[in-house]
Amino acid sequence: MNFLKIKTSWSNAEFVLIKLCMASIYIIVGSYFHNFFENYYVPLFVLFGITVIWFVYQWLKKMNSKSE
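Scoring rules and cut-offs
- Residues numbered from 1 in each chain as written.
- Predicted model: local features only at pLDDT ≥ 70, side-chain atom pairs only at ≥ 80, totals over all residues.
- Heavy atoms only, no water.
- Helix = DSSP H or I, 4+ residues; strand = E, 2+ residues; numbered from the N terminus.
- Buried < 20%, exposed > 50% of the residue type's maximum accessible area, 1.4 Å probe, protein only.
- Areas by Shrake-Rupley, 256 points an atom, 1.4 Å probe, with all protein chains shown as cover.
- Phe/Tyr/Trp six-rings, centres within 6.5 Å; stacked < 30°, edge-to-face > 60°.

Of the regular secondary structure elements, the chain holds three helices and zero strands. When the helices and strands of the chain are listed from N to C terminus, the series reads α-α-α. Considering the chain as a whole, with its 68 residues, one finds that 0% of them fall into the buried category. Taken as a whole, the chain presents about 7000 Å² of accessible surface, with 72% of it coming from carbon and sulfur.

Right, dumping it as structure tokens:
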């Protein structure tokens, strides 16, 4: 299981493929289970809001620590 410990670096352009891959499956799942998820819009938006704030905070903290 050493392959999980291998560190790699990716450029922003290389992340486009993984982002497109994830976005496409999100759209497929969302359109397939539309009726199921419509009952959970409010909790999903709350979860989205919390994770966005958390991510932006972590990103800004990381950027500030590298600039010092």
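Aromatic rings in a pair are described by how distant their centres are and how their planes are angled relative to each other. Going through the model one piece at a time under the given rule, you end up with five aromatic pairs. Measuring from centroid to centroid gives 6.4 Å for Phe-33 and Phe-37, while their planes differ by 90°, and the two rings are edge-to-face. A centroid spacing of 5.2 Å and a plane angle of 75° characterise the contact between Phe-36 and Phe-37, whose relative ring orientation is edge-to-face. For Phe-36, a relative accessible area of 48% puts it in the partly exposed group. Exposure remark for Phe-37: the relative accessible area of 28% places this residue in the partly exposed category.

Treat this as a map of the structure, not an account of what it does.
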